[in-house]
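Structural features, examined
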Amino acid sequence: MVWTNALLQGLLTGGLYALLASGLSLVFGVMRIVNLAHGDFSILAAFLVLTVAGQSNLWLGTIAILPVMALLGYSLQRSLLNKSISMGVLSPLLITFAFSIIIQNVLLKVFSSDTRSIQTDSLGSSSIKITDSIYIGLLPLLTFAIGVLLTLAIHFYLMRTRGGRAMRATSDDPTAAELVGINNRHIYGLATGIGLFAAGIAGILFGMRTQFSPSLGPIALIFAFEAVIIGGLGSLWGTLLGGIVLGVAQSIGAQINPAYGVLTGHIVFILILLIRPQGLLPKQRGK
Amino acid sequence: MSTLIKRSSKVSNFAIPIFGLTLLALFLVPSTLDMSYQVKFVDLFVLIIIATMWNLLAGFGGLVSVGQQAFIGIGAYALVAFTNLRGLEVIPGLILAALFTGLLAIPLSFLVFRLKGGYFAIGTWVIAEIIKLIVVQFQSLGGGAGISVAVFADTERESRIRFVYLAALVVAIVILVSTFLLMRSRLGLALTAIRDDATAAGTLGVNVTAAQRAVFVLVAMGFGAAGALIALTNLRVQPDDIFSVNYSAIMIFIVVVGGLGTIEGPILGAILFFFLQDQLRDYGSIYLIILGAFAIISVLVAPRGLWGLITRDKVSLFPTRYVVSKKREG
Amino acid sequence: MALLEIKDVTGHYGDLQALFGISLTLEKGAVHSVIGANGAGKSTLLNIIAGRMKPTSGSVRFHGEDLSHVSGHKRVQRGISLVPEGRRIFPSLTVEENVKVGAYSKRSGYWNVDTVRELYPLVADRWARLGFHCSGGELQMLAIARALMANPDLLLIDEASLGLAPVVVAQVYASLGQITAQGTSVLLVEQDVSQALRASTTASVLLEGRSVLSGKSDELQREDIKNAYFGIGVQ
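In this report, the structure presented in the accompanying data block is examined. (Residues numbered from 1 in each chain as written. Chains lettered and ligands numbered in written order. Predicted model: local features only at pLDDT ≥ 70, side-chain atom pairs only at ≥ 80, totals over all residues.)

Here the focus is the overall build of chain A. Broken down by element type, chain A carries eleven helices and two strands. Helices and strands in chain A line up, N terminus first, as α-α-α-α-β-β-α-α-α-α-α-α-α. Here the C-alpha radius of gyration of chain A, 19 Å, is about what a compact globule of 287 residues would show, namely 19 Å. Taken along the three principal axes of its C-alpha coordinates, chain A extends 60 × 50 × 35 Å. Every one of the 287 residues in chain A was classed for burial, and the buried ones make up 57%. Summarising the internal contacts of chain A: among those between residues at least 6 apart in sequence, 76% fall at separations of at least 24. (Helix = DSSP H or I, 4+ residues; strand = E, 2+ residues; numbered from the N terminus. Rg over C-alpha atoms; globule rule 2.2 N^0.38 Å. Buried ≥ 20, exposed ≤ 12 C-beta atoms within 10 Å, placed from the backbone. Contact = placed C-beta atoms within 7 Å.)

Let us now look at the interface of chain A and chain C. With 17 residues of chain A at the interface, the matching set in chain C holds 22 residues. Listed by contribution, the elements that provide at least two residues to the side of chain A that touches chain C are helix 6 (162-172) and helix 7 (174-179) of chain A. Tallied by class, residues from the side of chain A that touches chain C come to six nonpolar, three polar and eight charged. (Nonpolar A, V, L, I, M, F, W, Y, C, P; charged D, E, K, R; others polar.)

This brings us to the interface of chain A and chain B. Listed as interface residues are 35 residues of chain A and, on the opposing side, 30 residues of chain B. Where the side of chain A that touches chain B is concerned, the elements lending two or more residues are helix 3 (58-85), helix 4 (90-111), helix 9 (217-231) and helix 11 (261-275) of chain A. Broken down by element, the side of chain A that touches chain B gets its largest block of residues, 13 residues, from helix 4 of chain A.

On to the packing of helix 2 (residues 35-60) of chain B against helix 6 (residues 157-183) of chain B. Residues and elements named next belong to chain B. Orientation of helix 2 relative to helix 6, taken along the N-to-C sense of each, is 25°, at an axis distance of 9 Å. For the element pair helix 2 / helix 6, the angle class is roughly parallel. For the element pair helix 2 and helix 6, the recorded crossing hand is left-handed. Of the residues belonging to the contact of helix 2 with helix 6, the class tally is 20 nonpolar, three polar and two charged. (Axes fitted to C-alpha atoms, helices over the stretch in contact; angles between N-to-C directions. Parallel < 35°, antiparallel > 145°, perpendicular 65-115°, else oblique. Left-handed = near helix turned anticlockwise from the far one by under 90°.)

Excluding glycine, most residues fall at negative phi; most peptide bonds, likewise, are trans. Residues and elements named next belong to chain C. Within the chain, Arg88 stands out as a residue other than glycine whose phi angle is a positive 50°. Within the secondary structure layout, Arg88 lies in the loop between strand 6 (80-83) and helix 3 (95-101). Judged by the 19 C-beta atoms lying within 10 Å of it, Arg88 is partly exposed. Positive phi, close to 45°, is recorded for Glu208, a residue that is not glycine. Here Glu208 lies in the loop between strand 9 (202-207) and strand 10 (210-216). For Glu208, a count of 16 C-beta atoms within 10 Å corresponds to the partly exposed category.

Pasting the structure below:
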């Protein structure tokens, strides 16, 4: 029973990882940029909600901050990152790395390195009883559901809407996309906007269930990255699966020995890299 | 009138005696300057080493990594293992630490080369984190708390600092000279081709993967040596410090701001960073924020770095380029 | 007022000059072909009209409007669509999606999914296939179909016949008649002289970036075209 519990918890944590990873995956898929500050942006969102919730209402804060994150992503992409894309792989990496350092240190300055969490009244502590020995936390369940929903939403957007089709076209061939009237600078902005929106949701949900601090960005990035690689590059559903696999691996590892949780996740990542580098659900379509 | 292709230009011919004089001056530092200056110089030399190595990897090898701190850490711990635990002297310990790091880089390269581009960059970072997690499992290496370097236990402070200074200077010179010679070698030519267009290089018969692996391993040795030097200076190795991603941040900053793909760039960048760090160190978090903003502006405004900005890509102090010169026959 | 007016356009690639003062007028409903050997500057001209490249000097006026400040993707909205050399189909999108993305600019007109499928049955046959898996001829028709979905007033076609079997080229050119019948003017660039002349009302010959011969397609003498094309006896 204790293993079933571990499995279940891992599954639900995986939803959080998938949520965080989906933004990273989308941005890379569209522009080949890895946003090294992705994790830091999610932590930033958690801190912003903390501040706003402190002034007024939690849910109001969440609803307000998420569009702010999207707008932040859009403007950073259009003002700074777009220019660097044409300069090769290194420039966007350096710029996003610089973002990471700036965000961490600004947060450190404003909030200090103390850990804290977002108070949620009953949501954070409620759970649903499955059997006598298995309980599922409401918040993790909600997080998982949102993770699946967001993946579905992004999938729907990309496959069935005019804007999503344009995004995929731009990802294939940005110069050719201009031939049909697509402004690829705008599309790139949208992609990062969506990416940071997703990162924001992940950060806020994370902040509701755990203690967080300004320096957690990098480890969040690493988990998101591992989820993407385990699941398979270019595949949104792969990223969801990858997140779940990572979550389960960490949970089972922690069950064996609390110190081995994160390491087990790393081991699974290395194994995938060695045995099946294309990931569990690699992208089928040709390029 | 015919045209000749030479490796050196008027400027590089002029620069060599200047280098000679600078080197002489640097060797005289221990006898002329205070200990605190020597310590600062060691910091600068280490910066030059890691920047030159990162530049070789990214600028010439085309491999952008955010995880090279893995090799700095391995080098530092290897030095500790060889001197503390195996009783070796400093110099053999340093050399072996570098070699060991290079050796470890071989299997790691097979792992990490499965990733490309931006994901390769983070992948190396993840590897660094994993290596750190593995190293702290060993109590003999101090576990999570770190370990002290014992090899200088019987040495006086002044002699120790002078020794480490000279060691660092020699390592830096060896690294710069090796990099220079590498770039003039067949491997260097292959690397330049790969940097320009890896696919095209492949069709010309360049074994791209083998060349990249060679650079990856050579560069790891350089990072290992740097790690060993850091251990020898601080006399203590702590996992969170020695495997810190901040090293990558510094390397990247120096190379991009100084000038990617040139040998002069990283040197210039290291000097600039060294001064910035010195001046702004007391401001704590703000200094890092300023550095970050500086890096962003630098990338957008001067993509070829300071060296590129100053020389407009026309000058090369180290004769690694091909220069077409018009010379009269006879 | 002419649909398209090009005056003294010059174009450079770095220090290399590709066009030396080209002037051209295209009336509504016309089909004009620009003929010339490889490197004559034909594609450069099309790219300048489409906004993919900036001219060093000269002006491009469309519907009387000076296009110098209108960027490439905005010109689609104005009514200029380019079918580029090499077709540039989106490989990971299906044929259906490639066609539909062509309507991104939301310009209305005769051309929509149904009429485009009617024009090119081959494209309709391959509807669910990935762009990546299409053959040369299918790609060419798909590229034109995609461009048509924007209901352009001016369709620019760059090297339509390149790498295609003669039978396929004939099919592609046959479709031009229906395209112009619906009110789209066409400017095409071609190395295949006979095909180009048959399909167009007027033509000009480019040689090393200069226009050396122009006139009505049915009035131009073969001999003159050959000389102009190869630069024989031309100053």
